[in-house]
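Chain residues, written in single-letter form:
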Amino acid sequence: MTNVAVIVNGERHEADVEPRQLLVYFLRETLGLKGTSVGCDTSSCGSCTVLVDGESVKSCTVLAVQADGSEVTTIEGLASDGALHTVQQAFYEQHALQCGYCTPGFVMATVSLLEENPSPSEEEIRRGLEGNLCRCTGYHNIVRAVEAAARAGA
């Protein structure tokens, strides 16, 4: 077992973990944060996307021990004072989800994308989110949601 200390959604957590435990399972099983989905376990779908030190990462490709000392933001950490984050609100308003399974990963990837490029073109949005898969929506409303969030200053 290895001790890790991470700040998750602004709160410090310390736990002993198996050195091979993936960050996604640390978040879901150890911390009880179920918003981060486990999709493929091969980094193909992006459902497990979170921010580590502000960077978008697929948490199924990061070991919990690699996050030691880092700040992690999950979908649960975006809303504040009961108000949705601008990106969450845009996804809601633009109907950018159907079953919702992939939505947390898309939202987190969008937050990172807009941090790096506050005014992306449609092509840049599609390229920026190409690591996230949705089996329900056809992506049109997801792109519209990213455009709306960018206009709103996310």
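As shown above, the structure is provided for reference.
Conventions and cut-offs
- Residues numbered from 1 in each chain as written.
- Predicted model: local features only at pLDDT ≥ 70, side-chain atom pairs only at ≥ 80, totals over all residues.
- Heavy atoms only, no water.
- Patch = residues over 30% accessible without salt bridge, like charges linked within 9 Å, V, L, I, M, F, W, Y side chains within 5 Å.
- Areas by Shrake-Rupley, 256 points an atom, 1.4 Å probe, with all protein chains shown as cover.
- Salt bridge = Lys/Arg side-chain N within 4 Å of Asp/Glu carboxyl O.
- Lys, Arg positive; Asp, Glu negative; His and termini not counted.
- Charge placed at Lys NZ, Arg CZ, Asp CG, Glu CD.
- Helix = DSSP H or I, 4+ residues; strand = E, 2+ residues; numbered from the N terminus.
- Buried < 20%, exposed > 50% of the residue type's maximum accessible area, 1.4 Å probe, protein only.
- Axes fitted to C-alpha atoms, helices over the stretch in contact; angles between N-to-C directions.
- Parallel < 35°, antiparallel > 145°, perpendicular 65-115°, else oblique.
- Left-handed = near helix turned anticlockwise from the far one by under 90°.
- Contact = heavy atoms within 4.5 Å.

(A) A look at a negative patch on the surface. On the surface, Asp 53, Glu 55, Glu 71, Glu 115 and Glu 116 cluster together into a negatively charged patch. One can find Glu 116 in helix H3 (residues 103-116). Assessed through its relative accessible area of 58%, Glu 116 is described here as exposed.

(B) Spatial organisation of the packing of helix H2 (residues 86-93) against helix H5 (residues 140-151). Look at H2 against H5: their axes get within 8 Å of each other, and the N-to-C directions meet at 135°. One element, H2, and the other, H5, form an angle in the oblique class. With respect to the hand of their crossing, H2 and H5 are arranged in right-handed fashion. Residue-level inspection shows Thr 86, Val 87, Ala 90 and Phe 91 of H2 in contact with H5, the latter providing Ile 142, Ala 145, Val 146, Ala 148 and Ala 149.

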